[in-house]
Amino acid sequence: MYKYRFFIEKISVQGQNKTNAELEFDLGVNIISGSSDTGKSYVFKCIDYVFGAETLPKDIPESKGYTDLYLQIKTFEGRVFTLHRSLKENSLIALSESSIKHFITSKKYFLGTKNNTRDGQNVSEFLLRLMGIKDVLLKKNSNNKTEKVSFRDIALLTMIDESRITTEGSPVYFSMNNYYNLTFEKSVFKFMLTGNGDNDLIEVEEPRVVQSRIKGKIELIEVLLRDKNEIIEKLIKENDNFSSNDLQEQLNELLFKLDDSSTKLNELTSSRKELFGKLNSLQSDNLRYSELNKRFKLLVEHYRNDFKRLEFILEGEHVFSQLISSSCPVCGNGFDGNHINCLTDEKKVSFIESVKIEWEKVNIKLSDLKQTIVTTEKSIVNNRHQIKELQDSITKINDELHNKLMPIQNKFQEEINLIYHLKERENKISSLREEVLSLNSQKNLFENELLNKSSKGITSVDLEEKSLNLFTNAIERLLKDWNYPNVSSVVMNEAHKVYDIVISGRARSSYGKGVRAILYSAFILALLDYCISQNEKHPGFVILDSPLTTYHSNQQREDGDEVDNDLQNGFFTYLSNMSDDRQVIIFDNKIPTAKVIKSVNYIEFSKFEKHLRKGFFQ
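What you see as residue numbers is a count from 1 along each chain, following the sequence as written. Side-chain atom pairs in this predicted model are given and counted only at pLDDT of 80 or more, local residue features only at pLDDT of at least 70, and totals for whole chains, interfaces and linings cover all residues. Note that water and hydrogens are dropped before the side-chain values are worked out from all heavy atoms of the structure.

A. Fine view of the overall build of the chain. Each helix is a run of DSSP H or I of at least 4 residues and each strand a run of E of at least 2, with the numbering of both proceeding from the N terminus. Across its full length, the chain carries 12 helices and 16 strands. Here's how the labels work: a residue is buried when its accessible area is under 20% of the maximum for its type, exposed when over 50%, partly exposed in between, all with a 1.4 Å probe on protein chains only. Burial statistics for the chain: of 618 residues in total, 43% are counted as buried. We call two residues in contact when some of their heavy atoms are within 4.5 Å. Partitioning the contacts of the chain with sequence separation of at least 6, the portion at a separation of at least 24 is 69%. By element, 49% of the accessible surface of the chain is carried by carbon and sulfur atoms, the whole surface being about 34,700 Å². Computed by Shrake-Rupley with a 1.4 Å probe, the accessible areas treat only the displayed protein chains as cover when residues are assessed.

B. Representation of the pattern of salt bridges within the structure. Whenever Lys or Arg places a side-chain nitrogen within 4 Å of a carboxyl oxygen from Asp or Glu, that contact is recorded as a salt bridge. In the structure shown here, the tally under the stated rule is 23 salt bridges. A salt bridge links Asp135 to Lys148; its shortest N-O distance comes to 3.1 Å. Residue Asp135 is found in the loop between α2 (123-130) and β8 (137-139), and its partner Lys148 is found in strand β9 (residues 146-148); the two are separated by 13 residues along the sequence. Residues participating in the shared-partner salt-bridge network are Lys10, Glu22 and Glu24.

C. Focus on the pairing of strand β6 (residues 93-96). By the alternation rule, side chains of β6 split into Ile93 and Leu95 and Ala94 and Ser96, which are all buried. Bridge count for strand β5 (residues 80-86) against β6 is 3 bridges, and the pairing is antiparallel. Residue pairing across strands places Thr82 opposite Ser96, the latter belonging to β6. Between β5 and the antiparallel strand that follows it, β6, lie 6 residues. For two strands to be treated as a pair, DSSP must find at least two bridges joining them.

D. Spotlight on the sheet that holds strand β13 (residues 506-507). Judged by pairing direction, the sheet is antiparallel, and its 3 strands sit side by side in the order β11-β12-β13 without closing on themselves. What marks the edges here is a single partner per strand, and that holds for β11 (490-493) and β13. Taken together, the 4 bridges between β11 and strand β12 (residues 500-503) define a ladder with antiparallel strand orientation. By the bridge assignment for β12, Val490 is matched with Ile503.

E. How the structure looks around the sheet that holds strand β14 (residues 541-545). One open sheet accounts for 5 strands, arranged β10-β14-β15-β3-β16; its pairing is parallel. Unpaired on one side and paired on the other, β10 (159-160) and β16 (601-605) mark the two borders of the sheet. Pairing of strand β3 (residues 28-34) with β16, which is carried by 5 bridges, proceeds in the parallel orientation. Within β16, the residue paired with Ile32 across the bridge is Ile603.

F. The arrangement of the environment of Thr194 in detail. Position of Thr194 among the secondary structure elements: in helix α4 (residues 182-194). Among the residues examined, Thr194 registers a relative accessible area of 15% and is labelled buried. Here the alpha-carbon distance between Thr194 and Glu536, two residues 342 residues apart in the chain, equals 6.7 Å. A distance of 2.8 Å separates a polar side-chain atom of Thr194 from the backbone oxygen of Lys190. A distance of 3.1 Å separates a polar atom in the side chain of Thr194 from the backbone nitrogen of Asn196. Identification of polar contacts relies on pairs of N or O atoms within 3.5 Å, with a donor-acceptor requirement for protein atoms, meaning one able to donate a hydrogen and the other able to accept it, and with residues adjacent in sequence counted only if both atoms are side-chain atoms.

G. Region of the structure containing the pairing of β5. A large share of β5 lies buried, amounting to 6 of its 7 residues. Taking the residues that link successive antiparallel strands as the turn, the strand β4 (residues 68-75)-β5 hairpin has 4 residues, and the phi of Gly78 there is positive, at about 100°.

H. Representation of helix α9 (residues 465-481). Expected span, for any helix, means 1.5 Å times one less than how many residues it has. The end-to-end C-alpha distance of α9, which contains 17 residues, comes to 24 Å, matching closely the 24 Å that a straight helix rising 1.5 Å per residue would cover. For α9, the set of buried residues is Ser467, Leu468, Phe471, Thr472, Ala474, Ile475, Glu476, Leu478 and Leu479. Against the buried residues of α9 lie α4, β11, β12, α10 (513-533) and α11 (565-576). Following α9 by one or two positions, Asn483 adopts a phi angle in the positive range, close to 65°.

I. Layout of the packing of aromatic side chains. Pairs were defined over the aromatic rings of Phe, Tyr and Trp, the Trp ring being its six-membered one, requiring ring centres within 6.5 Å. Orientation was assigned from the angle between planes: stacked under 30 degrees, edge-to-face over 60, tilted for the rest. Using the criterion set out here, one finds 21 aromatic pairs in the structure. Both rings, one in Phe471 and one in Phe523, keep their centres 4.9 Å apart while their planes meet at 80°; by these two values the pair is edge-to-face. Remark: Phe523 occurs in helix α10 and Phe471 occurs in helix α9; sequence separation between them is 52 residues. Look at Phe471 and you get buried, because its relative accessible area is 0%. Taken together, the ring pairs in this structure connect Tyr173, Phe189, Phe471, Tyr499, Phe523 and Tyr530 into an aromatic cluster. Throughout this description, the term charge over a ring refers to an Arg CZ or Lys NZ atom that lies within 6 Å of the ring centre and within 35 degrees of the ring normal. Positioned over the ring face of Tyr49 is Arg85, at 3.8 Å from the centre of the ring. For the cation-ring pair, Arg164 lies above Phe174, with the distance from its terminal atom to the ring centre recorded as 4.0 Å.

J. Spotlight on unusual backbone geometry. Phi is positive for Tyr499, which is not a glycine, with a value near 40°. Considering the arrangement of structural elements, one finds Tyr499 in the loop between β11 and β12. Residue Tyr499 is classed as buried on the basis of its relative accessible area, which comes to 1%. We note that Ser504 has phi near 50°; this positive angle belongs to a residue other than glycine. Here Ser504 lies in the loop between β12 and β13. By relative accessible area, Ser504 is classed as partly exposed at 31%.

What follows is the structure, given as structure tokens:
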């Protein structure tokens, strides 16, 4: 048994101080029979609503005071879930992995009703996961645009209400008034038959959009070509009388001259540097000599003071020798015979000699010092001459550099820069011409593409013949089991706007309401049977509202509204023999035979007082 299916176990509508309105369903067939206005269609709308429909179930007198809707479902793996939704406002859906009985105390998750929540927390994603479907994209239009399939799309092929079941339109199409949705709805049908999505489709644009875009590109290229050609013409005029070869020859000549003048400039700069070195050395020497001379002159002055001191001593001795004193100038005692000798003894002679010797020493030092000063001053004078010569040489070099070589160099450089600028223009012209060639090539390609572009080649939603034949064969077998009269063949009219079954050469849409409804039912039940037998995606249940009763007490009966008894009994007999690997829920006014009632989960609503259950709300 395919595990990715689920079925409905129970529905419960509740309200404060209200008796719960509930129905329990089994695997296999469930038939809820009863006259009009007993709540059958209300139950259908409630199931549809909790599965994500936008429209609240229409209030009926019996539903007054009921505020909460619960639906208990069960997977074929045995997991039980309860979905809850308010009946008073279009709200989120609360989900719990529990039965309705334990819903209040269980952990809950809240699901959006739209299949566009980014986090995937919506009822459609939840139900698709139970079916083993995730992120399936289906083709939406002839340009291969795709859209994500939702449970609501699949529900349209499993849950058919009483107004839809008699439609003259295709069972596949639900948007007959909106032609643009037909491709997507056919894609949903194809997906259920084959399990093949369209995730790998690459969207293509409409031919008129493509053509418009190509024309826009051509216009843009023409603007670029015009601008680039104008720039080329301007640059050619600015480079008038110059060719690329001429420019290169001039450039080479100027570069040679510049190199020659640079060599001379470097030589002069090197010579100037050497002269600056000598000049700095001589100037340093003169500073040192000048400082030494200052010190030497101070020393001369010092030696002269020594002469004055020695002269003073000698003059004092001469004067002193002519004086008669009462005291001896040597020993300090009074003069007597002995002291006269004291002044003329050996000590006096020694002192005088010492003074003269000192005089001589000072004189020698002074003489040497004067000679040193003369030599130093000569060096200073000589250095000054050399300094003057060096300064003149440096001035001459500077004049050569600044007034001759540098202007020549600057002139060469300016001419070289001009030639480089001219060459840049020449290169720019060449580059622009290459761009023009490339743009013209692109323009030609786009013009050819524009001529060859057509709207053909877009694939439609075509089913493999094998899959479609298997499906229509399944419908044919059902109709024969139901005692449908004179069934010789069932085929699909694959015209895009029609896409409906043709029975024994007659289109389904050409029959009356009753036959259209039974044929629609055959289409939906055959799809269920096909998907189960081929292990394709299907929720595992089908709900049909009024497949046999196509008119109600307040409607005028028309030809073809009624289904004959043989077909009706055949329909119920088929249901009674259905296996329990699927679920079928039928809401109808018709009552099956007792034998059928014993074989299915049968619930009858009746307004008669003696009946146990008068309707969904008891």
